[in-house]
Amino acid sequence: MRPTIKSTAFLSALAIVLAGCSTTWDPHAPKTVRAGDGGGSLSLKHGQRLYIPLAADPNGGYEWHRVEPPVVVVVPDGPARPEGMQFTPVRTGSEKLAFEYRPVAGGESAQTTVSYDVTVR
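Nothing here was measured: the structure is a model prediction, and the numbers come from that model. (Residues numbered from 1 in each chain as written. Predicted model: local features only at pLDDT ≥ 70, side-chain atom pairs only at ≥ 80, totals over all residues. Heavy atoms only, no water.)

**Q** If you had to explain the overall build of the chain to someone new, which residues and values would you point to?
**A** Scanning the chain for helices and strands turns up one helix and eight strands. Starting at the N terminus, the α and β elements of the chain follow one another as α-β-β-β-β-β-β-β-β. Residues classed as buried in the chain amount to 25% of the 121 residues present. Within the chain, residue pairs in contact and separated by at least 24 positions form 56% of the contacts whose partners lie at least 6 positions apart. (Helix = DSSP H or I, 4+ residues; strand = E, 2+ residues; numbered from the N terminus. Buried < 20%, exposed > 50% of the residue type's maximum accessible area, 1.4 Å probe, protein only. Contact = heavy atoms within 4.5 Å.)

Right under this line is the structure:
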């Protein structure tokens, strides 16, 4: 049996509508710049995101804390996740992003520290 023009047109329209409903690809999503695990220098532009991998053991009793710089050029893009944090540039400039892996209960010094020199152009 040959497909009719109506059924072919319907299937084409259905494919276009379903493709528009896709949540896996966004042509307007900002580019994400991924930092290395061990700190370092990186540069990004307005309209990009910065991803900092901060691996944590959920059962280890420690969590990452950001050491606030005096001038902020990137802000967190939502809460921290167990595998890291994402940031969005808010102004042009440079800052040192520093993180300490501290006990949740407090009282002890940081187990690990990592820092990133971030420049927003």
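There is more to say after this.
**Q** Outline the environment of P53, supporting the account with residue identities and numerical values.
**A** By the secondary structure assignment, P53 is in strand β3 (residues 49-53). For the pair P53 and E83, spaced 30 residues apart in the sequence, the C-alpha separation amounts to 5.9 Å. In this structure, P53 is in contact with R34, A35, G36, D37, E83, G84 and Y116, ignoring residues within four places of it in sequence.

**Q** Describe in detail the pairing of strand β8 (residues 112-120), supporting the description with residues and values.
**A** The sheet contact formed by strand β2 (residues 40-44) and β8 spans five bridges and is parallel. In the sheet register, L42 faces β8, and the bridge partner there is V118. In the sheet, strand β7 (residues 93-103) pairs with β8 via nine bridges, with the strands oriented antiparallel. For S94, the partnering residue across the bridge sits in β8 and is T119. (Pairing = 2+ DSSP bridges.)

**Q** Describe the packing of aromatic side chains, with residues and values.
**A** Tallied over the full model, the rule gives four aromatic pairs. A centroid spacing of 5.5 Å and a plane angle of 25° characterise the contact between Y62 and Y101, whose relative ring orientation is stacked. Taken together, the positions of Y62 in strand β4 (residues 62-67) and Y101 in strand β7 put the pair 39 residues apart, joining distant regions of the chain. The partly exposed category is assigned to Y62, whose relative accessible area is 23%. Ring geometry for F99 against Y116: centres 6.5 Å apart, planes inclined by 70°, an arrangement best described as edge-to-face. Of this pair, F99 sits in strand β7 while Y116 sits in strand β8, and the two are 17 residues apart along the sequence. (Phe/Tyr/Trp six-rings, centres within 6.5 Å; stacked < 30°, edge-to-face > 60°.)

**Q** Could you give an account of the environment of R81, with specific residues and numbers?
**A** Tracing the chain through its elements places R81 in the loop between β5 (74-76) and β6 (84-89). For R81, a relative accessible area of 36% corresponds to the partly exposed category. Residues R81 and L54 lie 27 residues apart in sequence; the distance between their C-alpha atoms is 8.5 Å. What R81 contacts, discounting residues up to four positions off in sequence, is Y51 and Q86.

**Q** Requested: an account of the layout of surface pockets, with residues and values cited.
**A** Size it by volume and the largest pocket reaches roughly 220 Å³. Where the lining of the largest pocket is concerned, the elements lending two or more residues are β4 and β6. Per-element tally for the lining of the largest pocket: the top contributor is β4, with five residues. A breakdown of the residues in the lining of the largest pocket according to their chemical character gives nine nonpolar, two polar and four charged. (1 Å grid on protein atoms, 1.4 Å probe; cavity = no way out; pocket = protein on both sides within 12 Å on 5 of 7 lines; lining within 4 Å. Points joined across faces, edges and corners; volume = space filled by probe spheres on them. Nonpolar A, V, L, I, M, F, W, Y, C, P; charged D, E, K, R; others polar.)

**Q** Any details on the nonpolar core? Residues and values, ideally.
**A** Counting residues in hydrophobic clusters, the biggest one holds 17 residues, and the most contacted among them are L50, I52, F87, L97, F99, Y116 and V118. Going through the elements one at a time, β2, β3, β6, β7 and β8 are the ones with two or more residues in this core. Residue contributions to this core peak at four residues, all from β8. (Core = buried A, V, L, I, M, F, W, Y, C linked by side-chain atoms within 4.5 Å.)

The values are spatial; any link to function lies outside them.
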